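Structural features, examined
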Amino acid sequence: MLYTYLAGKATGEVDRHTMAEREQQSPTGLPAGVAAAWGLEERPGRGPARGLDARRIVAAAIAVADAEGLGALSMNRVAAEIGVSTMALYRHVAGKEDLLILMEDEAIGVPVPGPPAEDGWRAGMEHWARAYHAVLQRHRWIVRIPIGTPPLSPHGVEWMEQALACLRETGLDAEQKLGVLITLSGYTRSNVALMADIAEASRRDGPGWQDAERRYWQLLRQLTGTGRFPAIREMLDSGEVREDSEDAGAGAEGAADGAEYVGNSADTGGFTFGLTAILDGVEALIAARAERE
């Protein structure tokens with residue numbers, strides 16, 4: 001997605017391969033994986049694995065990533081899961097980089113229909129962000145994929161279309177609408193990446209993860225008791241901060257970075273707070289623009 005690509009570029013997440021280098025892979029001028037996703041570059045099956053196709057390969061790859069995370073994924077592993085030779089995969093998928101494009105497109109799927117336009121842009125964009133968040137929680141490995149191109153896959157373009165349609169009557173200009181997409185997508189992706197990191201720590205450390213957070217707050221109290229950090233002390237002494245990891249760790253224990261999240265996607269890791277803050281800012285921007293016109 002362009003908004004994810006730009007957000008990743010700003011934070012240094014973008015893969016170092018340039019788009020021009022990747023476009024050389026396909027006579028269509030598109031990256032080979034994107035062309036395959038649009039059905040513009042079919043790789044007809046031949047040889048002994050005639051029942052094999054890209055859809056079957058992608059399904060097996062997603063199953064591996066969902067269960068064990070992106071680190072477990074390789075062309076060899078996917079071939080073993082299907083029961084064919086590794087070379088048989090290359091008759092349908094150009095390589096791992098293109099397989100990842102196809103996997104992400106399949107995993108994000110068609111956007112869930114949102115509320116009617118009469119409910120306003122905010123309801124639409126909140127639905128969009130929550131739906132995208134839920135998809136990423138189900139397939140956390142998506143946030144581990146190096147970002148190499150703007151949104152060109154079929155489903156990625158459909159998600160972009162849905163968001164822009166929500167913003168159509170806001171009075172924002174094209175750059176501002178794109179900025180809203182970049183901000184919401186980047187925030188959503190960052191939130192899920194944080195949850196994936198917590199899940200990994202929880203799996204690695206087991207029950208010790210929750211104890212580690214409690215110890216953190218205890219140590220912070222000790223280190224900031226000198227009077228040099230009045231704002232932090234005010235926060236700690238307010239009693240308004242939960243000094244445990246119940247929210248952040250919900251559903252994370254034992255999960256791989258790609259495993260399905262079983263907690264409450266809507267409120268995990270403070271997602272609702274951040275989403276509300278962003279939408280409040282967009283609302284203020286729309287109001288300010290309306291006043292100037």
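Residues numbered from 1 in each chain as written. Predicted model: local features only at pLDDT ≥ 70, side-chain atom pairs only at ≥ 80, totals over all residues. Heavy atoms only, no water.

As a working rule, side chains carrying opposite charge can pair if their charged atoms are close by. Summed over the entire model, instances satisfying the criterion amount to nine salt bridges. Note that Arg 77 and Glu 68 form a salt bridge whose closest N and O atoms lie 2.5 Å from each other. In this structure Glu 68 comes out as partly exposed when scored by relative accessible area, which is 41%. Across the pair Arg 122 and Glu 283 runs a salt bridge whose closest N-O atoms are separated by 2.7 Å. Of this pair, Arg 122 sits in helix H8 (residues 121-138) while Glu 283 is found in helix H14 (residues 271-292), placing the two residues 161 residues apart along the sequence. Taking the relative accessible area as the measure of exposure, Glu 283 reaches 40% and is therefore partly exposed. (Salt bridge = Lys/Arg side-chain N within 4 Å of Asp/Glu carboxyl O. Buried < 20%, exposed > 50% of the residue type's maximum accessible area, 1.4 Å probe, protein only. Helix = DSSP H or I, 4+ residues; strand = E, 2+ residues; numbered from the N terminus.)

Applying the stated criterion across every chain yields a total of five aromatic pairs. Taken together, a centroid distance of 5.4 Å and an interplanar angle of 10° make the contact between Tyr 187 and Phe 271 stacked. Of this pair, Tyr 187 sits in helix H10 (residues 174-205) while Phe 271 sits in helix H14, and the two are 84 residues apart along the sequence. Residue classification places Phe 271 among the buried residues on the basis of a relative accessible area of 0%. Their ring planes at 70° and their centres at 5.2 Å tell us that Tyr 216 and Trp 217 sit as a pair that is edge-to-face. With a relative accessible area of 45%, Tyr 216 lands in the partly exposed category. Its relative accessible area of 12% is what places Trp 217 among the buried residues. (Phe/Tyr/Trp six-rings, centres within 6.5 Å; stacked < 30°, edge-to-face > 60°.)

All right, on to helix H5 (residues 75-82) then. For H5, the set of buried residues is Met 75, Val 78, Ala 79 and Ile 82. The buried residues of H5 occupy an angular sector of 100° when the element is viewed end-on, so they sit on one face. Turned more than 90 degrees from where H5 packs its buried face, Asn 76 and Ala 80 sit exposed. Its buried side turned inward, H5 meets helix H4 (54-68), helix H6 (86-89) and helix H7 (96-108). Note on H5: the residue one or two positions beyond its end, Gly 83, has a positive phi of about 90°. (Arc of directions from axis to C-beta. Contact = heavy atoms within 4.5 Å.)

With respect to the helices, strands and loops of the structure, Arg 189 is situated in helix H10. Relative accessible area serves as the criterion here: at 6%, Arg 189 is assigned to the buried category. A distance of 3.4 Å separates a polar atom in the side chain of Arg 189 from the backbone oxygen of Ile 145. (Polar contact = N/O pair within 3.5 Å; in protein donor to acceptor, adjacent residues only side chain to side chain.)

Take the confidence of the model for the protein chain next. The share of residues in the protein chain with pLDDT of 70 or more is 75%, and the mean pLDDT across the chain is 81. Low pLDDT, under 50, characterises residues 247-266; the stretch is placed with 57 contacts to residues that sit more than four places away or in other chains. (pLDDT = per-residue confidence, 0-100.)

Turning our eyes to something else, we now look at the packing of H8 against helix H9 (residues 154-166). At a closest axis distance of 8 Å, the pairing of H8 and H9 adopts a crossing angle of 155°. Classed by the angle they form, the pair H8 and H9 counts as roughly antiparallel. Judged by the sense of rotation from one axis to the other, the crossing of H8 with H9 is left-handed. Mapping the contact onto sequence places Trp 121, Gly 124, Met 125, Trp 128, Ala 131, Tyr 132 and Val 135 in H8 and Trp 159, Gln 162, Ala 163 and Cys 166 in H9. (Axes fitted to C-alpha atoms, helices over the stretch in contact; angles between N-to-C directions. Parallel < 35°, antiparallel > 145°, perpendicular 65-115°, else oblique. Left-handed = near helix turned anticlockwise from the far one by under 90°.)

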